[in-house]
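The lines below spell out each chain.
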Amino acid sequence: MEKVSPVIEVGWKDLLTDEFNAEYFLFLKEFLLEEKKKFPVYPPGTLIFNAFNLTPFPEVKVIILGQDPYHGHGQAHGLCFSVPAGISKPPSLVNIFKEIQDDLGIPPPTHGNLEKWARQGVLLLNATLTVRANIAGSHQNKGWERFTDSVIRHLSGQREKLIFVLWGNFAIAKESLIDKQKHYILKAAHPSPLSASKGFFGCRHFSKINEILRSNNLQEIDWKL
């Protein structure tokens, strides 16, 4: 199989070269090529690595971990929890904005595009980076999790004082990949309507993130969109 040449920011590309050329990733590429022959796959190929392109490795300050992309038409654009402007805000994102309002007094925005956060150093990372149209979780266990676990390990091993934000049991299970002596970990329930009232609402993670950044003399995140 030919080597993979992904559309990804050059620093990340260099860092992840071994992953892109690993056997599992070549099989993942073949799987995606076959999948696209039969079904719509989201996000578009040029946006699969959007989170990395908007937040280069040295600029990462915060990592928010999602599970897999939205599976509705036009929703996924490579940033966890985010949708392009003009697309209805999914329920989890609505709840995220509710918590920001309760925490910081910032009213919910008219759109759900989180690119502004990404450009400030918030890596909006899904564990699985693609999905088949209308079937949630359809590209899980195909290799993406191994790839994104490696991303988390690189961040944990090569950076210091990062803030890892883990919402829900799936994300919290990634805690073992993170060096707790070097980094901050914020945990809460998932913002989904099924679980937001079980500990996501009231977590105040957005103000806590800025408190941590301030304490390390780093620029705070402007959460207002």
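Scoring rules and cut-offs
Residues numbered from 1 in each chain as written. Predicted model: local features only at pLDDT ≥ 70, side-chain atom pairs only at ≥ 80, totals over all residues. Heavy atoms only, no water. Pairing = 2+ DSSP bridges. Helix = DSSP H or I, 4+ residues; strand = E, 2+ residues; numbered from the N terminus. Axes fitted to C-alpha atoms, helices over the stretch in contact; angles between N-to-C directions. Buried < 20%, exposed > 50% of the residue type's maximum accessible area, 1.4 Å probe, protein only. Contact = heavy atoms within 4.5 Å. Parallel < 35°, antiparallel > 145°, perpendicular 65-115°, else oblique. Left-handed = near helix turned anticlockwise from the far one by under 90°. Nonpolar A, V, L, I, M, F, W, Y, C, P; charged D, E, K, R; others polar. Expected span 1.5 Å × (residues − 1). Salt bridge = Lys/Arg side-chain N within 4 Å of Asp/Glu carboxyl O.

Focus on the sheet that holds strand 6 (residues 184-188)
Part 1: What the four strands build is an open sheet, ordered 3-2-5-6; its pairing is parallel. Looking at strand neighbours, the two that pair on one side only are strand 3 (122-126) and strand 6, the edges of this open sheet. Shown here is a sheet whose adjacent strand axes are inclined to one another by a mean of 20°, direction ignored.
Part 2: Across four bridges, the pairing between strand 2 (residues 62-66) and strand 5 (residues 163-167) is parallel. Across the sheet, residue I63 finds its bridge partner in strand 5, namely F164.

Focus on helix 9 (residues 205-215)
Part 1: Those residues of helix 9 not exposed but buried are H205, F206, S207, I209, N210, I212 and L213.
Part 2: The secondary structure elements touched by the buried residues of helix 9 are strand 2, helix 5 (91-104), helix 6 (115-118), strand 5 and strand 6.
Part 3: Positioned one or two residues after helix 9, N217 has a phi angle of 55°, which is positive.

A few points about the packing of helix 3 (residues 23-38) against helix 7 (residues 144-158)
Part 1: Orientation of helix 3 relative to helix 7, taken along the N-to-C sense of each, is 130°, at an axis distance of 9 Å. With respect to helix 7, the axis of helix 3 lies oblique. Crossing angle aside, the handedness with which helix 3 passes helix 7 is left-handed. Seen from helix 3, the contacting residues are Y24, F25, L28 and L32; seen from helix 7, they are W144, R146 and F147.
Part 2: Among the residues making up the contact of helix 3 with helix 7, the classes are represented as six nonpolar, no polar and one charged.

Side note on helix 5
Part 1: Taking 1.5 Å per residue, 14 residues should reach 20 Å; helix 5 reaches 20 Å between its end C-alpha atoms and fits that length.
Part 2: Among the residues of helix 5, S92, L93, N95, I96, F97, E99, I100 and D103 are the ones counted as buried.
Part 3: Those residues of helix 5 hidden inside the fold are in contact with helix 6, strand 5 and helix 9.
Part 4: Of the residues one or two after helix 5, G105 is the one with positive phi, at around 75°.

Looking at the pattern of salt bridges
Part 1: Applying the stated criterion across every chain yields a total of eight salt bridges.
Part 2: K37 is the salt-bridge partner of E34, the closest N and O atoms lying 2.9 Å from each other. Remark: K37 and E34 occur in helix 3; sequence separation between them is three residues, near one turn of the helix.
Part 3: Its relative accessible area of 35% is what places E34 among the partly exposed residues.

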